[in-house]
Amino acid sequence: MAPFVQRMAPVVMLWLALCLSGTLAVDRGNFKTCDQSAFCKRQRALQPGQSPYRALLDTMELTHTKLTLQLINDNNKVRLLLELYRLQGNMTRVKINELKPLKPRYEVPDVLVQQPLTEPLSLLSQDENGVVLSLGGESQRVILSARPFRLDIMEGHELLMSLNSRGLLAFEHLRTRKDTSQSDSEAEKPQGTDPADQAEQPKADDKVEEEKDEEGMWEETFKSHTDTKPNGPSAVSLDFSLPGVEHVYGIPEHAETLKLKTTDGGDPYRLYNLDVFQYELFNPMALYGAVPVMLAHNAQRTTGIFWLNAAETWVDISSNTAGKTVFGKMLDYVQGSNETPQTDVRWISESGIIDVFIMLGPTPYDVFTQYASLTGTQAFPPLAGLAYHQCRWNYNDQEDVQAVDAGFDQHDIPYDFIWLDIEHTDGKRYFTWDPHKFATPKDMLQGLLEKKRKMVAIVDPHIKIDSEYKIHTEIRSQGFYIKNKDGGDYEGWCWPGNAGYPDFSKPEMRAWWASMFAYDQYEGSMENLYTWNDMNEPSVFNGPEVTMHKDAVHGPWEHRDLHNLYGFYVQAATAEGLIQRSGGVERPFVLTRAFFAGSQRYGAVWTGDNAAEWDHLKISIPMCLSLSLVGISLCGADVGGFFKTPNSELLVRWYQTGAYQPFFRAHAHLDTPRREPWLFGPDNTALIREAVRQRYALLPYWYQLFYHAHRTGHPVMRPLWVEYPQDAATFAMDDQFLLGQDLLVHPVTEEGARGVTAYLPGKGEVWFDVHTFQKHNGAQDLYIPVTISSIPVFQRGGSIIPRKLRVRRSSACMEHDPYTLFVALSQKRKAEGELYLDDGHTFNFDTKGEFIHRKLSFSNNILSSSNLAPAAHLSTMSWIERILILGASKPSKVTLKTAGGQDSQLEFEFDASMSVLTIRKPGMNVGEDWSVVLK
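Predicted, not measured: the structure shown is a model, and the values here were computed from it.

**Observations concerning the state of the cysteines**
Move 1: Taken as a whole and assessed by the stated rule, the structure comprises 2 disulfides.
Move 2: A disulfide bridge connects cysteine 34 with cysteine 40, and the sulfur atoms are separated by 2.0 Å. Linking cysteine 34 and cysteine 40, the disulfide has an S-S dihedral of approximately -95° and is accordingly described as left-handed. For the pair cysteine 34 and cysteine 40, a shared accessibility class is recorded, and that class is buried.
Move 3: Covalently, cysteine 624 is tied to cysteine 635 through a disulfide, its sulfur atoms 2.1 Å apart.

**Section: the sheet that holds strand S46 (residues 831-837)**
Move 1: One open sheet holds the 11 strands; their spatial order is S51-S50-S54-S48-S47-S46-S44-S45-S49-S53-S52, and the pairing between them is mixed. Single-partner strands in this sheet number two, and they are strand S51 (903-905) and strand S52 (908-911). Across the sheet, the mean angle from the axis of one strand to that of its neighbour is 20°, orientation sign disregarded.
Move 2: Across the sheet, helix H15 (residues 699-712) lies against strand S44 (799-803), strand S45 (819-824), S46 and strand S47 (852-859), angled at about 85° from S46, the strand it touches most.

**Overview of the side chain of threonine 59**
Move 1: Within the secondary structure, threonine 59 is located in strand S1 (residues 53-62).
Move 2: Relative accessible area serves as the criterion here: at 19%, threonine 59 is assigned to the buried category.
Move 3: At a separation of 2.8 Å, a polar atom in the side chain of threonine 59 contacts the main-chain amide nitrogen of glutamine 70.
Move 4: With residues near it in sequence (within four places) discarded, threonine 59 still touches Thr68, Leu69, Gln70 and Arg79.

**Section: helix H6 (residues 398-410)**
Move 1: Spanning 13 residues, H6 covers 18 Å between terminal C-alpha atoms, matching the ideal 18 Å at 1.5 Å per step.
Move 2: In the core, the buried residues of H6 are packed alongside strand S22 (388-390), strand S23 (417-420), helix H7 (441-450) and strand S24 (454-458).
Move 3: Looking at the residues trailing H6, positive phi occurs at aspartate 412, about 60°.

**What to know about unusual backbone geometry**
Move 1: Residues arginine 147 and proline 148 are joined by a peptide bond in cis, for which omega reads -5°.
Move 2: Looking at the element boundaries, proline 148 is found in the loop between strand S8 (140-145) and strand S9 (150-155).
Move 3: In this structure, the amide linkage connecting glutamate 537 to the following residue, proline 538, adopts the cis form with an omega of 10°.
Move 4: Positionally, proline 538 belongs in the loop between strand S28 (529-533) and strand S29 (553-554).
Move 5: With phi around 40°, isoleucine 251 is a residue other than glycine that occupies positive phi space.

**Comments concerning the nonpolar core**
General note: in soluble globular proteins, nonpolar side chains tend to be found buried as a group.
Move 1: In this structure, Phe306, Trp513, Leu565, Tyr655 and Leu739 are the most contacted members of the largest nonpolar core, which totals 178 residues.
Move 2: Considering each element in turn, this core owes the most residues, 9 residues, to helix H12 (residues 614-629).
Move 3: What leucine 565 contacts, discounting residues up to four positions off in sequence, is Tyr106, Val108, Pro109, Val111, Ala310 and Phe596.
Move 4: Within the second largest apolar cluster, 50 residues are counted, among which are Leu57, Ile354, Val356 and Leu360.

**Some details on the packing of helix H9 (residues 507-515) against helix H11 (residues 566-581)**
Move 1: Packing of H9 against H11 brings their axes to within 7 Å, and their N-to-C directions diverge by 45°. By the angle class used here, H9 and H11 are oblique. As for the relative orientation of H9 and H11, their crossing is right-handed in sense. Taken together, the residues of H11 that come into contact with H9 (itself represented by Arg510, Trp513, Ala514 and Ser515) are Tyr569, Val570, Ala573, Thr574, Glu576, Gly577 and Gln580.
Move 2: Within the contact of H9 with H11, the residues separate by chemical class into 5 nonpolar, 4 polar and 2 charged.

**A short note on the packing of aromatic side chains**
Move 1: Taken as a whole and judged by the stated rule, the model has 48 aromatic pairs.
Move 2: Here tryptophan 532 and tryptophan 606 contribute two aromatic rings whose centre-to-centre distance is 5.8 Å and whose plane-to-plane angle is 75°, an arrangement assigned as edge-to-face. Here tryptophan 606 lies in strand S32 (residues 604-606) and tryptophan 532 lies in strand S28, a separation of 74 residues in the sequence. Tryptophan 606 carries the same exposure label as tryptophan 532, and that label is buried.
Move 3: Through a chain of ring-to-ring contacts, three or more aromatic side chains come together here, namely Phe431, Trp433, Phe438, Phe504, Trp513, Phe517, Tyr522 and Tyr566.
Move 4: In this arrangement the basic side chain of arginine 665 is found over the ring face of tryptophan 606, its NZ or CZ atom lying 5.1 Å from the centre.
Move 5: Taking the ring centre of phenylalanine 822 as reference, the NZ or CZ of arginine 803 above it sits at 4.6 Å.

**Focus on the sheet that holds strand S43 (residues 793-796)**
Move 1: Strand order in the open sheet made by the 6 strands is S36-S37-S38-S43-S40-S41, with antiparallel pairing throughout. Both edges of this open sheet fall to strand S36 (717-718) and strand S41 (775-777), since each of them pairs with a single strand only.
Move 2: Bridge count between strand S38 (residues 743-745) and S43: 3 bridges; the pairing is antiparallel. In the strand pairing of S43, leucine 743 is matched with glutamine 795.

**With respect to the pairing of strand S2 (residues 67-73)**
In summary, the side chains of a regular strand alternate between the two faces of the sheet.
Move 1: S2 sits mainly inside the fold: 7 of its 7 residues count as buried.
Move 2: Residues Leu67, Leu69, Leu71 and Asn73 of S2 are buried on one face, and the alternating residues Thr68, Gln70 and Ile72, pointing to the opposite face, are buried as well.
Move 3: Between the antiparallel neighbours S1 and S2 lie 4 residues.
Move 4: Pairing of S2 with strand S3 (residues 79-87) involves 6 bridges; the strand directions are antiparallel. Considered in S3, the bridge of threonine 68 is made with glutamate 83.
Move 5: Joining the antiparallel neighbours S2 and S3 is a turn of 5 residues, in which lysine 77 adopts a positive phi near 65°.

**What to know about the pattern of salt bridges**
Move 1: Applying the stated criterion to the full structure yields 61 salt bridges.
Move 2: Lysine 428 is the partner of glutamate 423 in a salt bridge, and the nearest nitrogen-oxygen pair spans 3.4 Å.
Move 3: Glutamate 423 gets classed as partly exposed once you look at its relative accessible area, which sits at 25%.
Move 4: Overall, the relative accessible area of 18% leaves lysine 428 in the buried class.
Move 5: Each of Asp227, Arg270, Glu312, Glu350, Glu545, Lys550, Glu558 and Arg560 takes part in one network of salt bridges that share partners.

**Digging into the environment of leucine 825**
Move 1: Here leucine 825 lies in the loop between S45 and S46.
Move 2: Judged by relative accessible area, leucine 825 falls into the buried class, the value being 19%.
Move 3: Each C-alpha atom, one on leucine 825 and one on arginine 796, is 8.4 Å from the other, the two residues being 29 residues apart in sequence.
Move 4: Each residue touching leucine 825, except ones within four places of it in the same chain, is listed here: Val766, Phe768, Gly797, Gly798, Ala831, Phe858, Ile885, Leu886, Gly887 and Ala888.

Calculation criteria
Residues numbered from 1 in each chain as written. Predicted model: local features only at pLDDT ≥ 70, side-chain atom pairs only at ≥ 80, totals over all residues. Heavy atoms only, no water. Disulfide = S-S within 2.5 Å. Buried < 20%, exposed > 50% of the residue type's maximum accessible area, 1.4 Å probe, protein only. Pairing = 2+ DSSP bridges. Helix = DSSP H or I, 4+ residues; strand = E, 2+ residues; numbered from the N terminus. Axes fitted to C-alpha atoms, helices over the stretch in contact; angles between N-to-C directions. Contact = heavy atoms within 4.5 Å. Polar contact = N/O pair within 3.5 Å; in protein donor to acceptor, adjacent residues only side chain to side chain. Expected span 1.5 Å × (residues − 1). Core = buried A, V, L, I, M, F, W, Y, C linked by side-chain atoms within 4.5 Å. Parallel < 35°, antiparallel > 145°, perpendicular 65-115°, else oblique. Left-handed = near helix turned anticlockwise from the far one by under 90°. Nonpolar A, V, L, I, M, F, W, Y, C, P; charged D, E, K, R; others polar. Phe/Tyr/Trp six-rings, centres within 6.5 Å; stacked < 30°, edge-to-face > 60°. Lys NZ or Arg CZ within 6 Å of the ring centre and 35° of its normal. Salt bridge = Lys/Arg side-chain N within 4 Å of Asp/Glu carboxyl O.

The quantities given are spatial measurements derived from coordinates; they are silent on function.
Below is the structure:
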């Protein structure tokens, strides 16, 4: 037993660390800095200057779809192949690979929803210094300079973006190790490939710099782990210059402000999916997910860079205005300084190729549309997924689940999902149930179903190695486990102890995994059971940086090539399983911790293992805003904080904040005291109840926003600059946000706050407090006195928002309930809004056109509803029971006109002190054409 005990020791110690989380935080020593990552250190040592790369213009070929030409490194004579594409939708794609690599280099599959559609490139001019190509309208063109190689994207006389302007393009070519014997080299060499073909044969007077092996090129050790690097150095790097830009965003996931900081003097931002225990804030360290997308914005234009590489990546950001105070910038202006603000960005990846999409906007919404055309839009969640979720690690047994469920009813707090963490399984064997604590799961699920509620159970991708466990034996028998460098099944430690890791990069493995969610395979499951994929970075407790060894093998590829894709694949396979089990009818709900570009297509994301601290509450806003900007709209943070114990004020404020964030789930660590909403006294129970009820009342608006996100790629939760792109005051703002265009939320996130200052944007706009209906002008900082019950939320003048005010125990119980329309008037524009509904859970809205989509409009004292989707069809019992018009004048009468031509007088009340008109029980079905006329 001694060897087994020895092997268990690291897991036991980590488990103890987790349990002692109240006193411990992230151990930075478990995770690399750039200096400890050999390729990052090597690449970062390169300084801006003259690039060694030159474009060989005589190799240029221009076809209908692309330009290709060769680049040569004048130091080592290795040639690269450049491909340049003009894509539909105002995008440009740049690919750089070795011309003749020793073996194929990894190119990311499955993330793009289709091969991007191209548009013709045309040659405008050419000489010995370079070529100029047209990118279509608006005088857009790309200038390719030959010596040194550089790309400049222009619009008229304006430079939009430059590539390799600082000379930091680097491409480590594959090579044979110098100390490898000739026979070994020949054995490794692919048939028909000569390493000499990689390089141009030098002329007699050419000087070829000898390439020196540096530390970490062929083997790298971090703590007790050695990375063997059988392919040697393979890093790629490219710099981008953004003239006129001071604000860049994106590249989640980091516990960081919305506006990304410069990295001079510190580490670059790291993109490498890791299980980081109780992460630090305001830190460029890698977290659970990685989306290699950056947005740049100024008052004239928004652009984006999508770096399609799934290997470990570091992103450096520098700016010529970094560190300058407002006074310093004013002094520059007064003194006539003509230095244009500029941000420079450098991407460094460990392997793969350079494959970058340049999204040229010019508006924020153009960039969202461009990115969505590449990687897809947010999955349209079932309506219940936008309601409230109750979770902890762990609800003890079926009786505990039943008691918590009853507690919500007893305290009149709605909820839709209750969650089970890892302890519900039989010994951490996923797709199973503890035979004693959860002996009759279908009875438990049926009890929830009868109340129109649902459950989520965790299914992690580490599989307990146990010859009696069906999931393990089938994966092993089919050869679906990831392999170690020696060809055996890769094994590591996680919650079950010794575990194998399925190779989700294999389509066959993903298809098999999906089949395991069938009702006859996943015993005890029912149609109201959904799934949570955790630990899918992947987390390996005894691995380097608590993850998988980079020299593990996925077929022809190393794990280093595709590490950041692993969680993407796990969630994709799980979502497909939930779809298949219903015969393709039901929409899935899957939460993932690890993610990549394109993960939005498969479900929800949360910000991981946060802590019950005020700063963690605050950081949830910019973290979700950053995710929203790169396509992932269904984001939330653990309400109350996962680690540690919130006091009642923090818990209440977190519920109030979470109620206005897209994914609304409370969660807590195993060793924290229970914190169901009614355990903090009746006053706090009432405050939490009110926050949750506000969420449920607003579900029609949330659902409509997610329908639009699914159709267009536009984010649900938005920074203010997205809607007010010329208002510089909004560019770095991340303590408040917009939901769609029409709701502005400024949560209270300061302990003991007696007031907050909200910025109401838009000159000429008006904003109405949704609780008091008080009107405020835009383009001002508004001080708002607050109490513990306050949630500052404002509706934009010129908007119409539907709510359901009859809040019941779950969203499904409210299906046929009536709507109240909140019409906020503005002299700047007519008021408009939408109302969308379908069955709330199937794909019938898409496959059968079963939905209702109405346009609501108020103009010239007429409120009307018209059909936005005449070809769609759905019958509903829901009706309009109330209309509130904010900023109204008192009418003499109110008349309802229906499609049948009948007129009827409606009762109304007018509050002159607040200019609010209330029309009661107009009674029209929400699917019909109608108008309400004020006279």
